[in-house]
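As a plain string of letters, each chain reads:
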Amino acid sequence: MSVTLKKFEGCLYENSLYEEEYKVAGKTVWMRPLSLENDLDKIHRWMNEPHVEEFWNMAWPKEKIHEYLKKSEEKPGFDTYIAYMNNEAVGMIEVYDPTQDRIKDYYEVQSGDAGLHILIGEEKFLKRFILRLTLFVMRFVLLLDGTKRIVGEPDDRNKAVLGLMKYVGFRFIKKIELPEKRAELLVLDKEEFAKIHG
């Protein structure tokens, strides 16, 4: 499947693909594609933040982060985005085709599945706006061409993320043992998300 999204009409921010206005807080949440040249420093900083390193295990030197992002750019069916609130970068979103990823060895991939990794780099957004940001990301991924389900595999120690994902509508499938972590395989159906969140 393709996970490429064309720019939505009416976006206010340059390079923005998709936006939602959060009127209560006076903020716009939006998403743009990764720019390896411009985003390397901030992603390197995020990966070395304690709240990120604990679960991503990628507190690497900048050169190794660059190599990871470059390889990701070149992988078929793999796209990386940067999420914002107004002019502040919040985190990194990776969307991928499970048929092109190791995850295919752990469950029966269905047509329309999109794999998802979410990295909230700025810790303050874990305390404020986290539900709003999560719902925004889910809507963004579910708007991608052909997406019928989102598949995630959070670290099973990350109780805050697991609770949030289940609140959003993810269903637990099974526990899986990945080389770097024990994870919970979760699936979010597009129709179920629409029923819960509109």
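This is a predicted model, so every value here is computed, not measured. (Residues numbered from 1 in each chain as written. Predicted model: local features only at pLDDT ≥ 70, side-chain atom pairs only at ≥ 80, totals over all residues. Heavy atoms only, no water.)

With respect to the layout of surface pockets
Taken as a whole, the largest pocket spans an internal volume of roughly 1100 Å³. What lines the largest pocket is a set of 43 residues, among which Phe55, Trp56, His117, Ile118 and Lys181 lie closest to the centre. At the level of secondary structure, the elements contributing two or more residues to the lining of the largest pocket comprise helix 2 (50-56), helix 3 (62-74), strand 3 (78-85), strand 4 (88-96), strand 5 (113-120), helix 5 (130-142) and helix 6 (159-168). Along the lines of polarity and charge, the residues of the lining of the largest pocket split into 28 nonpolar, 7 polar and 8 charged. (1 Å grid on protein atoms, 1.4 Å probe; cavity = no way out; pocket = protein on both sides within 12 Å on 5 of 7 lines; lining within 4 Å. Points joined across faces, edges and corners; volume = space filled by probe spheres on them. Helix = DSSP H or I, 4+ residues; strand = E, 2+ residues; numbered from the N terminus. Nonpolar A, V, L, I, M, F, W, Y, C, P; charged D, E, K, R; others polar.)

Some details on the sheet that holds strand 8 (residues 181-189)
Taken in spatial order, the 8 strands of this open sheet run 1-2-3-4-5-6-8-7, and their pairing is mixed. Edge strands, defined here as strands with exactly one partner in the open sheet, are strand 1 (18-22) and strand 7 (171-178). The sheet shows a mean angle of 25 degrees between the axes of neighbouring strands, taken without regard to direction. Here strand 6 (residues 149-152) runs beside strand 8; their pairing, made up of 4 bridges, is antiparallel. Paired with Ile150 across the strands is Leu188, a residue of strand 8. Packing of helix 1 (residues 36-47) onto the sheet brings it into contact with strand 2 (27-33), strand 3, strand 4 and strand 5, and relative to strand 4 it is tilted by some 85 degrees. (Pairing = 2+ DSSP bridges. Axes fitted to C-alpha atoms, helices over the stretch in contact; angles between N-to-C directions. Contact = heavy atoms within 4.5 Å.)

Digging into the packing of helix 5 against helix 7 (residues 190-197)
The relative placement of two packed helices comes down to the angle between their axes together with the axis-to-axis distance. It is at 11 Å that the axes of helix 5 and helix 7 come closest, and there the two elements cross at 140 degrees. Taken together, the axes of helix 5 and helix 7 lie oblique to each other. Between helix 5 and helix 7 the crossing geometry is left-handed. On helix 7, the residues that touch Leu135, Met138, Arg139 and Leu142 of helix 5 are Lys190, Phe193 and His197. (Parallel < 35°, antiparallel > 145°, perpendicular 65-115°, else oblique. Left-handed = near helix turned anticlockwise from the far one by under 90°.)

Details of the nonpolar core
One finds Met138 and Val141 to be the most contacted residues of the largest nonpolar core, which totals 34 residues. The biggest single contributor to this core is helix 5, with 8 residues. (Core = buried A, V, L, I, M, F, W, Y, C linked by side-chain atoms within 4.5 Å. Buried < 20%, exposed > 50% of the residue type's maximum accessible area, 1.4 Å probe, protein only.)

Considerations on the packing of helix 5 against helix 6
Following both chains from N to C, one finds helix 5 and helix 6 inclined at 60 degrees, their axes separated by 11 Å at the closest point. Judged by the inter-axis angle, helix 5 sits oblique to helix 6. The two elements helix 5 and helix 6 meet at a crossing, and its hand is right-handed. Of the residues in helix 6, those touching helix 5 at Ile130, Leu131, Thr134, Leu135 and Met138 are Leu164, Met165, Tyr167 and Val168.

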